[in-house]
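# Geometric and topological summary
Each chain, written out:
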Amino acid sequence: MESKNNKAGAGVNRRGFLKLSTGAALVGAGSSILPGVALADDYREDVSALRHHSDHKLWRKVRKEFVLSKRETYMNVGTTGSIPERVLENYEDNNEYISKHPWGTQISTQALAARVAASFGADNHELILSRNTTDGMCSIIHGLNFEPGDVILTTNQEHVGGAMPMKIVAQRYGVEVVELELPTYTGFETVTADDYVKLFADAVAYYGSSVRLLCFSHVSYKTGVTLPAKRICKEVAIPNRIPTLIDGAHTPGMFNLNFHDMDCDFYAGSGHKWQCGPGSTGILYVRDCAKRLREFWSDRPQPLFFVNSSYPAGTDVEDAYNDPVAFHNRMQYVGQDNYPAKLALVECCEMWDAIGRDRIEQRILDLSALCKQELQSAFDSDATYYAPDVRELSSGLTTINPFWDKTDGVMLTEFRDRLREEHGYIIRTTNFKLHPEDAVDTYALRISTHLFHDEADVIGLVKAMKRVYRQMA
């Protein structure tokens, strides 16, 4: 599917994992450089050498790079991740540096984005470092020049970070937001990638030229199913001249993403979940200065407004559309930024690149498959699984409800809490309408398996779940 400065950064090289770099560019006269870090060449060589040995040795080394409790096993990465220790040390040092040098301490977020754009299959000017997935979703949804009668096709399992801005433009501009019922696996039927492609294709055929945007989650945070995003873009959206906005809250750091290959128009992702960066960090991909959007929306003189920017540019928006640097600045600039956080996110991305994003994706999906296998062996026919046990539709999220009553959220919350308090395993619950007409929600337990987990974590979790279930059933 890419000089050390004073005290800051003095401790970041404690185990030889990272080294100081001058990769951060200055902004403005008299500014001070934040001492950034980049992965050391010797570590890249170390990882390359480990590839020729056992996977166990590689992942054991990776695990040691994280600050993880030895008394608990954290398996809720879908909510927030754990910052690697080296990155965390440098992040703390950079915050301290700014406290000592608060005036004029800035770095170019454009230069930072350029360090990792290729990692996501994007050109430098196409990747914006945002504050989180919601920030990216709002920047696009509120920036699009909607008109009354426009239709947005989305699903009934979207996160509030995308669902709420869509509801606002519906109220504000008279846009119709159509929530398509996402096929959900329950163990009694077969769900395939074709089903998701057909869902959108049929809706586009029904609503016709009124459809102005397809907006959906790459991975459903409710069930953990992975939608065939590339196929939806290439087989449905592009032939019908409809732009796509994808909620990728769970995919950066989980999957080996390639936005050019996926061929979406906009993609908003999180930095603090599977990519394990600090809170309030994320990425936003905007394809080629939104040129295809302008082609698809040629009936509107300015299809995208820069609503989330304080960049002090002139009023000639046309210049920004035609100049990649100007466009990136318009999308990126929000005044005084959290430079240490964004630098830390870039460092996490570079760590992933050194390990190999393809290898990380494989590891996550292998652990997810093991988790499903162990759960199916441990629980009887009352258990329901909501993420298909099919690799192309799987993610690092596994969802299950082991009880007969799938609507008892109180019981499932007690199960989750006892699992943590009595056995030290941290997971979460989710709830959703299995069908839009349902009067009550369906509840599930959601398990995250990531690169710092191993097979023993998965097997131990399922054994603990079985014990709690026997006590409560």
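In this text, all values refer to a predicted model and were calculated from it rather than measured experimentally.

Conventions used here
- Residues numbered from 1 in each chain as written.
- Predicted model: local features only at pLDDT ≥ 70, side-chain atom pairs only at ≥ 80, totals over all residues.
- Heavy atoms only, no water.
- Salt bridge = Lys/Arg side-chain N within 4 Å of Asp/Glu carboxyl O.
- Helix = DSSP H or I, 4+ residues; strand = E, 2+ residues; numbered from the N terminus.
- Expected span 1.5 Å × (residues − 1).
- Buried < 20%, exposed > 50% of the residue type's maximum accessible area, 1.4 Å probe, protein only.
- Polar contact = N/O pair within 3.5 Å; in protein donor to acceptor, adjacent residues only side chain to side chain.
- Contact = heavy atoms within 4.5 Å.
- Pairing = 2+ DSSP bridges.
- Axes fitted to C-alpha atoms, helices over the stretch in contact; angles between N-to-C directions.
- Phe/Tyr/Trp six-rings, centres within 6.5 Å; stacked < 30°, edge-to-face > 60°.
- Lys NZ or Arg CZ within 6 Å of the ring centre and 35° of its normal.
- pLDDT = per-residue confidence, 0-100.
- Core = buried A, V, L, I, M, F, W, Y, C linked by side-chain atoms within 4.5 Å.

On inspection of all chains with the given rule, the structure shows 29 salt bridges. Look at the salt bridges and you will find they share partners, linking Glu147, Asp150, Arg212, Asp299 and Arg300 into a network.

Every α-helix carries 3.6 residues per turn, so stepping three or four residues along brings you back to the same face. A rise of 1.5 Å per residue sets the reference length of helix H15 (residues 409–423), with its 15 residues, at 21 Å; its end C-alpha atoms lie 21 Å apart and thus fit the reference within 8%. For H15, the full list of buried residues reads Gly409, Leu412, Phe415, Arg418 and Leu419. Where H15 starts, the residue carrying a side-chain oxygen 3.3 Å from the main-chain nitrogen of valine 410 turns out to be aspartate 408. The first or second residue beyond H15 is glycine 424, which carries a positive phi of 80°.

A few words now on the environment of proline 228. Mapped onto the fold, proline 228 is located in the loop between strand S7 (211–217) and helix H8 (229–237). Taking the C-alpha atoms as reference points, proline 228 and methionine 262, 34 residues apart in sequence, are found 9.6 Å from one another. Proline 228 has contacts with Ala193, Tyr196 and Val197, leaving out every residue within four places of it along the chain.

With that settled, consider helix H16 (residues 455–472). Taking 1.5 Å of rise per residue, the 18 residues of H16 would be expected to cover 26 Å, and the 26 Å separating its terminal C-alpha atoms lies within 8% of that figure. Along H16, the residues that are buried comprise Asp457, Val458, Gly460, Leu461, Val462, Ala464, Met465, Lys466, Val468, Tyr469 and Met472. One side-chain oxygen of the residue at the start of H16 lies 3.1 Å from the amide nitrogen of alanine 456, identifying that residue as aspartate 454.

What follows covers the sheet that holds strand S14 (residues 428–432). Here 4 strands make up an open sheet; going across it, the order is S11-S12-S15-S14 and the pairing antiparallel. Across the chains shown, the open sheet's two edge strands, defined by having one partner strand only, are strand S11 (384–385) and S14. Taken strand by strand, helix H14 (residues 357–378) contacts S11, strand S12 (397–401) and strand S15 (442–448), and its axis lies near 15° from that of S12. Relative to S15, H15 is tilted by about 20°, and along the sheet it contacts S12, S14 and S15.

Attention now moves to the packing of aromatic side chains. According to the stated counting rule, one finds 13 aromatic pairs in the structure shown. Here the aromatic rings of tyrosine 206 and tyrosine 207 are separated by 4.8 Å at their centres, their planes lie at 80°, and the arrangement is edge-to-face. With a centroid separation of 5.8 Å and an interplanar angle of 85°, the aromatic rings of phenylalanine 403 and phenylalanine 415 are classed as edge-to-face. One end of the pair, phenylalanine 403, is in the loop between S12 and H15; the other, phenylalanine 415, is in helix H15, and 12 residues separate them in sequence. Comparing phenylalanine 403 with phenylalanine 415 shows no difference in burial state: the two are buried. Following the ring pairs from residue to residue traces out a cluster consisting of Phe120, Phe259, Tyr267 and Tyr285. A cation over an aromatic ring shows up here: arginine 212 above the ring of tryptophan 297, its NZ or CZ 5.0 Å from the ring centre. Directly above the aromatic system of tryptophan 297 lies the positively charged group of arginine 300, at a separation of 5.1 Å from the ring centroid.

Before going further, it helps to examine the sheet that holds strand S9 (residues 266–270). Here we have 7 strands laid out as an open sheet, ordered S4-S10-S9-S8-S7-S5-S6, and mixed in their pairing. Bordering the open sheet on either side are strand S4 (127–130) and strand S6 (176–180), each of which pairs with just one other strand. Between one strand axis and the next, the sheet turns through 20° on average, direction left out of account. Of the strand pairs in this sheet, strand S5 (residues 151–155) and S6 are connected by 5 bridges, and their pairing is parallel. Bridge pairing links isoleucine 152 to valine 177 in S6. Helix H6 (residues 160–173) contacts S5, S6 and S7 of the sheet and is inclined by roughly 155° relative to S5. Where helix H13 (residues 339–355) meets the sheet, it contacts S4 and strand S10 (282–286), and its direction lies at approximately 125° from that of S4.

Residues of the chain with pLDDT of at least 70 account for 87%, and the chain-wide mean is 89. Per-element averaging of pLDDT across the chain places strand S1 (residues 18–21) at the bottom with 36 and strand S8 (residues 244–248) at the top with 99.

The tendency in soluble globular proteins is for nonpolar side chains to be buried side by side. One finds Leu214, Phe259 and Met465 to be the most contacted residues of the largest nonpolar core, which totals 93 residues. Setting aside its immediate chain neighbours within four residues, leucine 214 contacts Leu153, Phe200, Val204, Ile232, Val236, Ala237, Ile242, Pro243, Thr244 and Leu245. Counting 28 residues, the second largest nonpolar core, distinct from the first, contains Ile152, Leu213, Leu245 and Phe327.

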